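Close look at the chain arrangement
Here's the letter readout for the chains.
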Amino acid sequence: MGVEWHRIGLSEESLNANLGPYWRVRVIKETTSTQNELANIVDSGIAQSSEVIVAEYQSAGRGRLGRQFIAPPNSSLLFSFFTKTDIKLSWLPLIAGIGVCSRSEEHTS
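The structure reproduced in this document is the subject of the present report.

So, how was this worked out
For every chain, the first residue of the written sequence is number 1, and numbering continues from 1 along that sequence. For this predicted model, a pLDDT threshold of at least 70 governs which residues receive local features, and a threshold of 80 or more governs which side-chain atom pairs are given and counted, while totals over whole chains, interfaces and linings are taken from all residues. With hydrogens and water set aside, each side-chain value is computed from the structure's full complement of heavy atoms. Secondary structure elements follow DSSP: runs of H or I of four or more residues count as helices, runs of E of two or more count as strands, with numbering from the N terminus. Buried residues are those whose accessible area, probed at 1.4 Å on protein chains only, stays under 20% of the maximum for their type, while exposed residues exceed 50% and partly exposed ones sit between those limits. Any two residues whose heavy atoms approach within 4.5 Å at even a single point are treated as in contact. We get accessible surface area from the Shrake-Rupley algorithm with a probe of 1.4 Å; when it comes to residues, only the shown protein chains can shield them. Buried residues of nine kinds, namely Ala, Val, Leu, Ile, Met, Phe, Trp, Tyr and Cys, make up a nonpolar core once their side-chain atoms join them within 4.5 Å. Geometry of aromatic contacts follows a simple scheme: Phe, Tyr and Trp rings, the Trp one being its six-membered ring, pair when their centres are within 6.5 Å, and the pair is stacked under 30 degrees between planes, edge-to-face over 60, tilted otherwise. Pairing between strands is defined by DSSP: at least two bridges between them are needed. For crossovers, right-handed means that the path from the first strand over the helix to the second runs clockwise, given strands pointing away from the viewer. Each cavity reported here is a set of points on a 1 Å grid over the protein atoms alone in which a 1.4 Å probe fits but cannot get out, each pocket an open set with protein on both sides within 12 Å along at least five of seven lines, and each lining residue one with an atom within 4 Å of a point. Grid points are joined across faces, edges and corners, and a volume is the space filled by probe spheres set on the points. For this classification, Asp, Glu, Lys and Arg are treated as charged, while Ala, Val, Leu, Ile, Met, Phe, Trp, Tyr, Cys and Pro are nonpolar and the rest, including Gly, are polar. Patch definition: residues above 30% relative accessible area lacking any salt bridge, with like charges linked at up to 9 Å and the nonpolar side chains Val, Leu, Ile, Met, Phe, Trp and Tyr linked at up to 5 Å. The salt bridge definition used is simple: a Lys or Arg side-chain nitrogen within 4 Å of an Asp or Glu carboxyl oxygen.

**As for the overall build of the protein chain**
- Helix and strand counts for the protein chain come out as three helices and five strands.
- In sequence order, the protein chain lays out its α and β elements as α-β-α-β-β-β-β-α.
- Looking at the protein chain as a whole, 20% of its 109 residues qualify as buried.
- Considering only intrachain contacts with a sequence separation of at least 6, the fraction spanning at least 24 residues in the protein chain is 66%.
- Accessible area for the protein chain stands at about 8200 Å²; split by element, carbon and sulfur atoms hold 58% of it.

Next comes the structure, spelled out in structure tokens:
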């Protein structure tokens, strides 16, 4: 039997207030994919560098290497971000995951 994890809803106002002026966060309740939502904003020309789309639920999320990303509503961090840079960021998702795990271990020890 699995453990169910649920988090409280996200507050766009609170996230933007705590992240400072560099990141611009948009919280949406439900989407097919945060990547699709972000691509639409980028394609429309209104995206700014450091644009972040966060969803409470996504029905057709994709992970690295074309893998499916499925998670129950309000159970996971579901986001995509856009930044203009010449630096390759392909390792960033893995580094972020290590950071989250390391931070979690600090709080449980």
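**Describing the nonpolar core**
- If you look at the biggest cluster of nonpolar residues, it comprises five residues: Leu38, Ile41, Ala47, Ile53 and Phe82.
- Not counting residues up to four positions away in its chain, the partners in contact with Ile53 are Arg26, Ile28, Thr34, Glu37, Leu38, Ile41, Leu78, Phe79 and Ser80.

**Considering the packing of aromatic side chains**
- Across all of its chains, the model carries two aromatic pairs by this definition.
- Consider the rings of Tyr22 and Trp23, whose centres lie 5.1 Å apart with planes at 90 degrees: the pair is edge-to-face.
- Relative to Phe81, the ring of Trp23 lies with its centre 5.6 Å away and its plane at 90 degrees, an arrangement referred to as edge-to-face. Linking Trp23 in the loop between α1 (12-19) and β1 (24-31) with Phe81 in strand β5 (residues 78-82), this pair joins segments that are 58 residues apart in sequence.
- On the basis of relative accessibility, which here comes to 28%, the residue Trp23 falls in the partly exposed class.
- Ring-pair connections join several aromatic residues into one group, and the members of that group are Tyr22, Trp23 and Phe81.

**Comments concerning the pairing of β1**
- Alignment of β1 against strand β2 (residues 51-58), held across seven bridges, turns out to be parallel. Looking at the pairing, Arg26 lines up with Ile53 of β2.
- Regarding topology, helix α2 (residues 34-44) serves as the crossover connection from β1 to the parallel β2, and that connection is right-handed.

**A short note on the layout of surface pockets**
- Volume-wise, the largest pocket comes out at about 1200 Å³.
- What lines the largest pocket is a set of 29 residues, among which Phe79, Ser80, Phe81, Pro93 and Ala96 lie closest to the centre.
- If you list the elements that add at least two residues to the lining of the largest pocket, you get α1, α2, β2, β5 and α3 (92-108).
- For the lining of the largest pocket, the leading source of residues is α3, giving six residues.
- Residue classes in the lining of the largest pocket are distributed as 19 nonpolar, eight polar and two charged.

**Points about a nonpolar patch on the surface**
- A surface patch of nonpolar side chains, about 900 Å² in accessible area, is lined by Leu77, Phe79, Phe81, Ile87, Leu89, Trp91, Leu92, Leu94 and Ile95.
- Note on placement: Ile95 falls in helix α3.
- Residue Ile95 is classed as exposed on the basis of its relative accessible area, which comes to 54%.

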